[in-house]
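# Survey of secondary and tertiary structure
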Amino acid sequence: MRMAKGVEWALHTLLNLDMIGGGPVGSGQLAEAHGLSPSYLNKQLQQLARAELVVSVPGPRGGFRLAKPLEAITLLDVVEAIEGGTQLFHCTEIRCCGKIGELSPPPTDACAVNAAMRRAEQAWRQALSAQSLADIRAELDRTPMTRQVVRSALN
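Below is a summary of the structure that appears in this document. Because the structure is predicted, anything quoted here is derived from the model rather than measured. (Residues numbered from 1 in each chain as written. Predicted model: local features only at pLDDT ≥ 70, side-chain atom pairs only at ≥ 80, totals over all residues. Heavy atoms only, no water.)

## Things to note about the overall build of the chain
Helix and strand counts for the chain stand at eight helices and two strands. Along its sequence from the N terminus, the chain presents helices and strands in the succession α-α-α-β-β-α-α-α-α-α. The globule rule puts the C-alpha radius of gyration for 155 residues at 15 Å, and the 21 Å found for the chain is more than 25% above it. Projected onto its principal axes, the C-alpha positions of the chain cover 70 × 30 × 25 Å. Per-residue burial for the chain yields a buried fraction of 32% across its 155 residues. About 9600 Å² of surface is accessible on the chain, with carbon and sulfur atoms providing 55% of the total. Once the 16 positive and 15 negative side-chain charges of the chain are each reduced to a mean point, those two points are 4 Å apart. (Helix = DSSP H or I, 4+ residues; strand = E, 2+ residues; numbered from the N terminus. Rg over C-alpha atoms; globule rule 2.2 N^0.38 Å. Buried < 20%, exposed > 50% of the residue type's maximum accessible area, 1.4 Å probe, protein only. Areas by Shrake-Rupley, 256 points an atom, 1.4 Å probe, with all protein chains shown as cover. Lys, Arg positive; Asp, Glu negative; His and termini not counted. Charge placed at Lys NZ, Arg CZ, Asp CG, Glu CD.)

## Thoughts on the nonpolar core
Counting residues in each nonpolar core, the largest one holds 32 residues, and the members touching the most others are Leu-14, Leu-48, Val-78 and Leu-133. Broken down by secondary-structure element, the contributors of at least two residues to this core are helix H1 (5-19), helix H2 (27-34), helix H3 (38-50), strand S2 (63-66), helix H4 (75-83), helix H7 (133-140) and helix H8 (145-154). Residues within four places of Leu-48 in sequence aside, it is in contact with Ala-10, Leu-14, Leu-53, Val-54, Val-78, Ala-81 and Ile-82. (Core = buried A, V, L, I, M, F, W, Y, C linked by side-chain atoms within 4.5 Å. Contact = heavy atoms within 4.5 Å.)

## Details of the environment of Leu-128
Residue placement: Leu-128 occurs in helix H6 (residues 112-129). Sequence-wise, Leu-128 and Lys-99 are 29 residues apart; in three dimensions their C-alpha atoms are separated by 40 Å. Here Leu-128 is in contact with Thr-74, Leu-75, Leu-76 and Val-79, once residues within four sequence places are set aside.

## Some details on the pattern of salt bridges
Proximity of charged atoms lets side chains of opposite charge pair with each other. On inspection of all chains with the given rule, the structure shows five salt bridges. The salt bridge partner of Glu-80 is Arg-125, with a shortest N-O separation of 3.1 Å. Of this pair, Glu-80 sits in helix H4 while Arg-125 sits in helix H6, and the two are 45 residues apart along the sequence. Between Glu-121 and Arg-118 there is a salt bridge, with its nearest N and O atoms 3.9 Å apart. Of this pair, Glu-121 and Arg-118 both sit in helix H6, three residues apart, which is roughly one turn of that helix. (Salt bridge = Lys/Arg side-chain N within 4 Å of Asp/Glu carboxyl O.)

## Focus on H2
Here H2 has its buried residues at Ser-27, Leu-30 and Ala-31. One side of H2 carries all its buried residues, which in axial view fall inside an arc of 95°. Count one or two residues on from H2 and you reach Gly-35, which has phi positive near 70°. (Arc of directions from axis to C-beta.)

## Let's talk about H6
Since the α-helix advances by 3.6 residues per turn, residues separated by three or four positions end up pointing in the same direction. Between its terminal C-alpha atoms H6 stretches 26 Å, which fits the 26 Å expected from 18 residues at 1.5 Å a residue. The set of residues buried in H6 consists of Asn-114, Glu-121, Arg-125 and Leu-128. Down the axis of H6, the buried side of the element spans an arc of 55°, and every buried residue falls inside it. Exposed side chains of H6 directed beyond 90 degrees from the buried face belong to Ala-112 and Arg-119. (Expected span 1.5 Å × (residues − 1).)

## Remarks on the environment of Gln-131
Relative to the assigned elements, Gln-131 resides in the loop between H6 and H7. In this structure Gln-131 comes out as partly exposed when scored by relative accessible area, which is 35%. Separated by 128 residues in the primary sequence, Gln-131 and Met-3 have C-alpha atoms spaced 17 Å apart. For Gln-131, the contacting residues outside a window of four places in its chain are Ile-73, Thr-74 and Leu-75.

In C-alpha cells, the structure reads:
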C-alpha cells in the first residue's frame with residue numbers, strides 16, 4: 001500500500017501548528033518552513049479544513065489553526081482527510097474468470113482473498129485510529145530542540 005506524500009505533510013503540519021501555539025499561521029509560512037510549494041500545501045490544508053481538523057482564519061493575520069486538540073485527532077482522521085475513506089482492496093471476482101472460472105461452478109461463498117484483505121484493512125484502520133497526534137507529539141517532545149526549531153522556522 002502506498003499513501004500520498006500529502007499524508008506526511010498533513011501530519012507534520014498539524015503537529016507544527018500545535019507546537020507554535022494557538023494562533024493562525026499562513027499556508028505560505030507553513031510551506032516555506034518545509035521547503036514546499038505553497039499551492040501544494042494549501043491543497044492539503046483545504047482537505048484538512050473540509051475534514052474539520054484545521055480552521056481557516058481569514059484576514060491579513062489569518063491562516064490556519066487546529067480545529068481541535070491533538071488528543072482528538074487520530075492518524076486515521078488525517079489519512080482519511082487526505083486519501084479519502086475508500087476501501088483499499090477491491091475484489092473483482094477474478095476467481096470466476098478465465099479457464100478456472102469456466103471449469104468451476106459459480107461460487108456461493110464469499111471470496112476468501114477478499115475476506116482476508118478486509119480483515120487486514122480493518123486491523124490497519126484500527127491501529128491508525130488507536131494513535132492520536134498527541135501520542136506522536138509526546139514522542140517529539142523527547143527531542144528537546146523540536147519545538148524550538150519549529151517555532152524559529154515559523155516566525
